[in-house]
Amino acid sequence: MKGSGDFSIGSAVWPGISKLTEECGEVMQVCGKLVGSHGEVIHFDGSDLRKRMQEELADLLAAIEFVVAVNPLDYDAIAARRDEKLKLFHAWHDADIAKEEQKP
Ligand SMILES: [Mg+2]
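Residues numbered from 1 in each chain as written. Predicted model: local features only at pLDDT ≥ 70, side-chain atom pairs only at ≥ 80, totals over all residues. Heavy atoms only, no water.

*Asks:* Whenever I open this one, the coordination of the magnesium ion confuses me. Can you help?
*Replies:* Note on metal sites: the ideal angle is 109.5 degrees for four tetrahedral donors, and 90 or 180 degrees for six octahedral donors. Distances from the magnesium ion to its protein donors, namely Glu 23 (OE), Glu 26 (OE), Glu 56 (OE) and Asp 59 (OD), fall within the range 2.0 to 2.2 Å. In the primary sequence, the donor residues of the magnesium ion line up as E-x2-E-x29-E-x2-D. With a gap of 33 residues between them, Glu 23 in helix α1 (residues 17-36) and Glu 56 in helix α2 (residues 49-70) connect regions that are remote in the sequence. (Donors = N, O, S within 2.8 Å, 3.2 Å for Na, K, Ca; no water. Helix = DSSP H or I, 4+ residues; strand = E, 2+ residues; numbered from the N terminus.)

*Asks:* Got a minute to help me understand the packing of α1 against α2 in this structure?
*Replies:* Two measures define how a pair of helices packs: the angle their axes make with one another and the distance between the axes. Taken N-terminus to C-terminus, the directions of α1 and α2 make an angle of 160°; their axes are 9 Å apart at the nearest point. Classified by the interaxial angle, the pair formed by α1 and α2 is roughly antiparallel. Our pair here, α1 against α2, has a crossing hand that is left-handed. Packed against α1, whose contacting residues are Ile 17, Lys 19, Leu 20, Glu 23, Cys 24, Glu 26, Val 27, Gln 29, Val 30, Cys 31, Lys 33 and Leu 34, the element α2 presents Leu 49, Arg 52, Met 53, Glu 56, Leu 57, Asp 59, Leu 60, Ala 63, Ile 64 and Val 67 at the interface. Broken down by class, the residue content of the contact of α1 with α2 amounts to 14 nonpolar, one polar and seven charged. (Axes fitted to C-alpha atoms, helices over the stretch in contact; angles between N-to-C directions. Parallel < 35°, antiparallel > 145°, perpendicular 65-115°, else oblique. Left-handed = near helix turned anticlockwise from the far one by under 90°. Contact = heavy atoms within 4.5 Å. Nonpolar A, V, L, I, M, F, W, Y, C, P; charged D, E, K, R; others polar.)

*Asks:* Explain the domain arrangement of the chain here, please?
*Replies:* The accessible area lost on association of the parts is a frequent measure of interface size. Partitioning the chain into structural domains gives domain 1 (1-73) and domain 2 (74-104). Between domain 1 and domain 2, the C-alpha centre-to-centre distance is 23 Å. (Domains from an automatic or database assignment.)

The following block contains the structure:
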C-alpha cells in the first residue's frame with residue numbers, strides 16, 4: 001500500500017513537514033550522544049559530535065527555511081519571535097555566566 005505523500009517535499013499538504021520532523025530527530029540524536037558522552041566531542045563510536053552537530057543543525061535550518069517558504073506561514077512574525085527568544089536566551093546565559101564568575 002502506498003501512502004498519500006502528504007507532508008513530504010513536493011506534496012500539496014504542508015510540504016516539508018516530514019523532512020522537518022526527520023531533521024529535528026537527527027539533531028536530538030546528536031544531543032543525546034553529547035549528553036551520553038558527558039560532553040566529550042569524540043563519541044565512543046569514533047565520530048566527531050561537533051561535526052555531526054554542525055551538519056544536523058545545518059540540515060534542520062534548511063528544513064525550517066523550506067517549510068517557512070512553501071507553507072502559509074508568516075515569515076516576519078516568525079523572525080520577530082525568533083529575535084525575541086534569542087535575546088532572552090542570551091540574557092539567561094549572560095546572567096548565569098556572571099553568577100558563575102562571582103563564585104569564590
Ligand atoms: Mg540530517
